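Listed below, chain by chain, are the residues.
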Amino acid sequence: KPKTKRAKRFLEKREPKLTENTKNAMLIKGGNANLTVTEVLKDIYAVKKPFAVLYKKKNITRPFEDQTSLEFFSKKSDCSLFLFGSHNKKRPNNLIIGRMFDYHVLDMIELGIEKFVSLKDVKNSKCPEGTKPMLIFAGDIFDLNEEYRRLKSLLIDFFRGPNVPSIRLAGLEYVLHFTAVDGKIYMRSYKVLLKKSGCKIPRIELEEMGPSLDLVMRRTHLASDDLYKLSLKQPKGLKAKKKKNISHDVFGTTYGRIHMQKQDLGKLQTRKMKGLKKRPAEKSVEEDGGISPKKTKSA
């Protein structure tokens, strides 16, 4: 139990919520990281800000052999995504991207850097900090291969940013493009330029902004199907309740069924006209129960 109000507020923020906060990422430098890996981590931190934490000190750990230090940092900084950079003779210029579930490693994929162009090397204007990117994936292998399918899901989770209720056209100014071909993954980032086109719809041009990475997949550590299914489970409060007597057709039209009591059309108020006015004889018949008395002839 918390002893102070500050500790109580801290624990309340960490409690499960119906609508979770935007996922934060931690970028960790390995014990033998070189200059290339350090620059990659800095550039991805610049792209991911403000939903990222950069650890500047070197951390001697091997995620594929021991994951306790990653889980400790995840709990300490409240981050569910991580990017670990390292370098050695067997695996030069190495990146490990992964995500957590309940502060335990869910899945992680090891990528090797073959070519890198940093933000500083591209002398073009940059997007402002915190810009939500548009993600584009090219390549059939992203849908056919299970490892590439999980990598696509991981990259979407890492770069998607906060959920927004509405979109402004001028705010669509940043594109992250991932292409998978011939066993390599090419990551390119572009700034969207809206040019005059002579009509309402602007002409769109892409200007390379950086960083650019040529990656190759190495080792993978994927969660089992049961654990992955459990991580995707949604709480009951988020599921939309089914409304009775409402249906939709193929065109999206909504139909509703209304239940009403049986109507007595005899008491229906009609338009007041002389032709529809009841005569005194009809009124007396209704009062007597619908049986007209026989008139006796006078002698």
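Residues numbered from 1 in each chain as written. Predicted model: local features only at pLDDT ≥ 70, side-chain atom pairs only at ≥ 80, totals over all residues. Heavy atoms only, no water.

1. Topic: a positive patch on the surface
Here's step 1: A cluster of like positive charges, contributed by K5, R6, K8, R9 and K13, occupies part of the molecular surface.
Here's step 2: Topologically, R6 is positioned in helix α1 (residues 5-14). (Patch = residues over 30% accessible without salt bridge, like charges linked within 9 Å, V, L, I, M, F, W, Y side chains within 5 Å. Areas by Shrake-Rupley, 256 points an atom, 1.4 Å probe, with all protein chains shown as cover. Salt bridge = Lys/Arg side-chain N within 4 Å of Asp/Glu carboxyl O. Lys, Arg positive; Asp, Glu negative; His and termini not counted. Charge placed at Lys NZ, Arg CZ, Asp CG, Glu CD. Helix = DSSP H or I, 4+ residues; strand = E, 2+ residues; numbered from the N terminus.)

2. So, the environment of I113
Here's step 1: The residue I113 is located in strand β5 (residues 104-117) in this model.
Here's step 2: A relative accessible area of 6% places I113 in the buried class.
Here's step 3: Residue contacts for I113: discarding those within four places in its chain leaves V40, N93, L95, L213, D214 and L215. (Buried < 20%, exposed > 50% of the residue type's maximum accessible area, 1.4 Å probe, protein only. Contact = heavy atoms within 4.5 Å.)

3. A few points about the side chain of S189
Here's step 1: Topologically, S189 is positioned in strand β8 (residues 184-195).
Here's step 2: What makes S189 buried here is its relative accessible area of 0%.
Here's step 3: A distance of 2.7 Å separates the side chain of S189 from the backbone oxygen of G210, its partner in a polar contact.
Here's step 4: Of the polar contacts made by the side chain of S189, one reaches the backbone oxygen of P211; its length is 3.1 Å.
Here's step 5: Not counting residues up to four positions away in its chain, the partners in contact with S189 are Y174, V175, L176, E207, E208, M209, G210 and P211. (Polar contact = N/O pair within 3.5 Å; in protein donor to acceptor, adjacent residues only side chain to side chain.)

4. A few points about the UniProt feature "domain: Brix" (unreviewed entry) in the protein
Here's step 1: On the UniProt side, "domain: Brix" (unreviewed entry) is annotated at positions that read residues 23-226 here.
Here's step 2: End-to-end, the C-alpha atoms of residues 23-226 are 22 Å apart, and along that stretch the chain is 22% helix and 41% strand. (UniProt positions renumbered as here; feature names shortened; annotations may be inferred.)

5. A short note on the pattern of salt bridges
Pairing between side chains of opposite charge can happen when the charged atoms of each approach one another.
Here's step 1: Taken as a whole, this structure holds 14 salt bridges when the rule is applied.
Here's step 2: Here D214 ties to R188 by a salt bridge, and the two come within 2.8 Å at their closest N and O atoms. One end of the pair, D214, is in strand β10 (residues 212-221); the other, R188, is in strand β8, and 26 residues separate them in sequence.

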